[in-house]
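# A look at the structure
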Amino acid sequence: MISFPLRGMLVASACALGFFHLLRPAHAQQVEEHHGPTAEQRAEIQRAVHEAIQQDIRKVAQYKLPKDFFARMLPLIRQIRRANIIPPTQTTNMTLATTIRRTQAMPQLQAILQQHGMSAEDFVMSLTTFEMTNTMVQAPPKKTKDTPKLDKDNVRLIQSHQALAQALVHDMDSESEHLQ
């Protein structure tokens, strides 16, 4: 996922913001440093994050789960639970790239992922894809132009392994109990 278009967009936005920051008068820079970004800048940041999240949703919807997804993921999640590790979870305004970086920054989690032959990107993408697909299979949303088109093989995988899907959801929910 290192070559992910979102990264280029965010880097370009950061560079552009940095460039405009250099062009402003020193007094304007000092005022903004004390008062934070302007309403216009905050709106632009929100638009960029929203677009990045929309791209992530489309990417997750089309990500291919491996045929042995459950055979690989169930033991992995259970080992993570036994180690009392709580992987980073995605929030409303967090991109996949951020979640992957946070996952990579957890040495104990990285060691377990490596034991299972999985990268942080594989882990985040697989679980996010599973969660989105399973949720939409269990409770299909009202179709709109923004409803992501799910990978048909992932839908079939989950539908044909309902007991394993429920076991994984249970194990993942048990993980979140540590947070409460």
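Keep in mind that this is a model prediction, so the values were computed, not measured. (Residues numbered from 1 in each chain as written. Predicted model: local features only at pLDDT ≥ 70, side-chain atom pairs only at ≥ 80, totals over all residues. Heavy atoms only, no water.)

## Comments concerning unusual backbone geometry
With phi around 55°, Asn84 is a residue other than glycine that occupies positive phi space. Along the polypeptide, Asn84 turns up in the loop between helix H4 (69-82) and helix H5 (96-104). Overall, Asn84 belongs to the exposed group, its relative accessible area being 59%. (Helix = DSSP H or I, 4+ residues; strand = E, 2+ residues; numbered from the N terminus. Buried < 20%, exposed > 50% of the residue type's maximum accessible area, 1.4 Å probe, protein only.)

## A closer look at the pattern of salt bridges
Considering all chains together, one arrives at eight salt bridges under this definition. Its salt-bridge partner being Lys145, residue Asp146 comes within 3.6 Å of it at the nearest N-O pair. In this structure, Asp146 and Lys145 share a single accessibility class: exposed. For Arg156, the salt bridge is made with Asp153, and the minimal N-O distance between the two is 2.5 Å. Remark: Asp153 and Arg156 occur in helix H8 (residues 152-160); sequence separation between them is three residues, near one turn of the helix. We classify Arg156 as partly exposed; its relative accessible area is 48%. The partly exposed category is assigned to Asp153, whose relative accessible area is 39%. A network of salt bridges, in which partner residues are shared, links Lys64, Asp151, Asp153 and Arg156. (Salt bridge = Lys/Arg side-chain N within 4 Å of Asp/Glu carboxyl O.)

## Notes on the confidence of the model for the protein
Per-chain confidence: the protein averages 80 in pLDDT, with 75% of residues scoring 70 or above. Scored below 50 in pLDDT, residues 1-32 makes 26 contacts in the model with residues more than four places away or belonging to other chains. (pLDDT = per-residue confidence, 0-100. Contact = heavy atoms within 4.5 Å.)

## Examining the packing of aromatic side chains
The description of two aromatic rings rests on the distance between their centres and on the angle between their planes. Tallying each qualifying case throughout the model produces three aromatic pairs. Pairing Phe70 with Phe130 gives two aromatic rings, centres 5.9 Å apart and planes at 90°, and the pair type is edge-to-face. Of this pair, Phe70 sits in helix H4 while Phe130 sits in helix H7 (residues 120-138), and the two are 60 residues apart along the sequence. Through a chain of ring-to-ring contacts, three or more aromatic side chains come together here, namely Phe69, Phe70 and Phe130. (Phe/Tyr/Trp six-rings, centres within 6.5 Å; stacked < 30°, edge-to-face > 60°.)

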